[in-house]
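An overview of the molecular structure
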Amino acid sequence: MTLQETILTSQTRGVRCKDCGDTGWRVKHQGPVETVERCTCYRMKRKEQLLLRACIPERYMQCSLENYNPQPYPDCDASIGRAKVLVEQFVKEYPARKIGLLFMGGCGVGKTHLAVAAIKYLILEKGIPCLFYDFRNLIKELQNSYSRDSEYSESDILEPVLSREVLVLDELGAKVMSPWIRDIFTHILIQRYNNNLVTLITSNWMDEEDRGIQEETLEERIGYRLRSRLYEMCKTIVIKGKDYRKFREIRN
Ligand SMILES: Nc1ncnc2c1ncn2[C@@H]1O[C@H](COP(=O)(O)OP(=O)(O)OP(=O)(O)O)[C@@H](O)[C@H]1O
Ligand SMILES: [Mg+2]
Ligand SMILES: [Zn+2]
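Residues numbered from 1 in each chain as written. Chains lettered and ligands numbered in written order. Predicted model: local features only at pLDDT ≥ 70, side-chain atom pairs only at ≥ 80, totals over all residues. Heavy atoms only, no water.

**Focus on the site of ligand 1**
If you check the shell around ligand 1, you find 19 residues, and the closest are Tyr60, Lys111, Thr112, His113 and Asn204. Contacts to ligand 1 include Gly108, whose backbone N or O atom sits 2.8 Å from an oxygen atom. When the free accessible area of ligand 1 is taken as 630 Å², the share hidden by the protein chains comes to 91%. Residues belonging to the shell around ligand 1 are distributed by class as follows: seven nonpolar, eight polar and four charged. (Near = heavy atom within 4 Å. Polar contact = N/O pair within 3.5 Å; in protein donor to acceptor, adjacent residues only side chain to side chain. Areas by Shrake-Rupley, 256 points an atom, 1.4 Å probe, with all protein chains shown as cover. Nonpolar A, V, L, I, M, F, W, Y, C, P; charged D, E, K, R; others polar.)

As structure tokens, then:
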């Protein structure tokens, strides 16, 4: 059973820890001396909380580096396997090396899968607080917060986005960037960059050299200044491939 499965099973079963009775401390005998130490369930509970607080969409909860196939079909582009290697390198080197990632690629090539796999690894293996946000949902939540009867204020919503150690912003550029959205995004990026916090971004839009038949580039979509900032904050990972959803459908 993987650690995540163990966490989720104990969560649904609601069992008491047999080693510590849920106190989080376990008695350790060393000859005649009794000491206490943190029980393993304590670390598991922390990871369970981190996993819940990361707000990973249900559909992506099972995504991991292990189940990302570096060669999902014969003759696939080497960029798929390379992307996996780069993400593995990123999670292993974190936090010694803090650099964001910008996943670029067409529909269904595995960008969100890899971004989720990265934060799940950081949570489960390193206990790092992470947060997942679909960029369009974030904008919607912020817009809703301005209505008079809203439960949350703009700063309630922005607080975790600005401060969580690792943030995934999924689907950048999917929404047309109005000047207001551009300002919000710039604010988030600059704040996080200044505080040495890592941001992982996914986008369907590409740079000029990879755009192919796309009518716009990421730079055209989000503006020159923002694209330039992303070069500084993130390592670009371009994934070229077929839509895995379609491919999976045909294979089954
Ligand atoms: N190489 C792969 N190995 C295993 N599963 C994959 C791979 N690539 C994609 N998938 C699976 O295919 C589905 C689509 O992948 P994902 O959602 O990550 O694509 P995406 O690049 O984010 O697409 P979009 O641009 O539409 O958001 C997911 O269920 C994901 O787990
Ligand atoms: Mg996606
Ligand atoms: Zn315990």
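**Here we look at helix α5 (residues 135-145)**
Among the residues of α5, Phe135, Leu138, Ile139, Leu142 and Ser145 are the ones counted as buried. Projected down its long axis, α5 carries its buried residues within an arc of 125°, all on one side. Check the buried side of α5 and you find it contacts β4 (130-134), α6 (154-163), β5 (166-170) and α7 (179-194). For α5, the side-chain oxygen to backbone nitrogen distance between the N-cap and Arg136 is 2.8 Å, and the N-cap itself is Asp134. (Buried < 20%, exposed > 50% of the residue type's maximum accessible area, 1.4 Å probe, protein only. Helix = DSSP H or I, 4+ residues; strand = E, 2+ residues; numbered from the N terminus. Arc of directions from axis to C-beta. Contact = heavy atoms within 4.5 Å.)

**Things to note about the environment of Arg97**
Inspection of the secondary structure assignment puts Arg97 in the loop between α3 (78-93) and β3 (100-105). Classification of Arg97 by relative accessible area gives partly exposed; the value is 45%. Between the C-alpha atoms of Arg97 and Val198, which are 101 residues apart in sequence, the distance is 9.9 Å.

**Observations concerning the side chain of Asp207**
Mapped onto the elements, Asp207 comes out in the loop between β6 (198-203) and α8 (218-222). Here Asp207 is in contact with Met104, Thr217, Arg227 and Tyr231, once residues within four sequence places are set aside.

**Remarks on the packing of aromatic side chains**
Summed over the entire model, instances satisfying the criterion amount to three aromatic pairs. Ring geometry for Tyr146 against Trp180: centres 5.9 Å apart, planes inclined by 75°, an arrangement best described as edge-to-face. One end of the pair, Tyr146, is in the loop between α5 and α6; the other, Trp180, is in helix α7, and 34 residues separate them in sequence. Here Tyr146 falls in the partly exposed class, since its relative accessible area comes to 42%. By relative accessible area, Trp180 is classed as partly exposed at 28%. Positioned above the aromatic ring of Tyr73 is the side chain of Lys242, whose terminal nitrogen or guanidinium carbon lies 4.4 Å from the ring centre. (Phe/Tyr/Trp six-rings, centres within 6.5 Å; stacked < 30°, edge-to-face > 60°. Lys NZ or Arg CZ within 6 Å of the ring centre and 35° of its normal.)

**Some details on the coordination of the zinc ion (ligand 3)**
The protein atoms donating to the zinc ion (ligand 3) are Cys17 (SG), Cys20 (SG), Cys39 (SG) and Cys41 (SG), with metal-donor distances spanning 2.2 to 2.3 Å. One can describe the site at the zinc ion (ligand 3) as tetrahedral: its four donor atoms subtend angles covering 101 to 115° at the metal. Spacing between the donor residues of the zinc ion (ligand 3) along their common chain follows C-x2-C-x18-C-x1-C. With a gap of 24 residues between them, Cys17 in the loop between α1 (3-13) and β1 (25-30) and Cys41 in helix α2 (residues 40-53) connect regions that are remote in the sequence. Here Cys17 and Cys41 have matching classes, each one buried. (Donors = N, O, S within 2.8 Å, 3.2 Å for Na, K, Ca; no water. Tetrahedral: all angles 85-135°; square planar, octahedral: opposite > 155°, others 65-115°.)

**Concerning the sheet that holds β4**
Where strands meet in a sheet, backbone hydrogen bonds hold them as pairs that are either parallel or antiparallel. In space, the five strands of this open sheet follow the order β4-β5-β6-β3-β7, with parallel pairing throughout. Looking along the sheet, the strands with just one partner apiece sit at the ends: β4 and β7 (234-239). With direction set aside, neighbouring strand axes in the sheet form an average angle of 15°. As paired elements, β4 and β5 share five bridges and run parallel to each other. Within β5, the residue paired with Tyr133 across the bridge is Leu169. Against the sheet, α3 contacts β3, β6 and β7, and its axis sits at roughly 155° relative to β7. (Pairing = 2+ DSSP bridges. Axes fitted to C-alpha atoms, helices over the stretch in contact; angles between N-to-C directions.)

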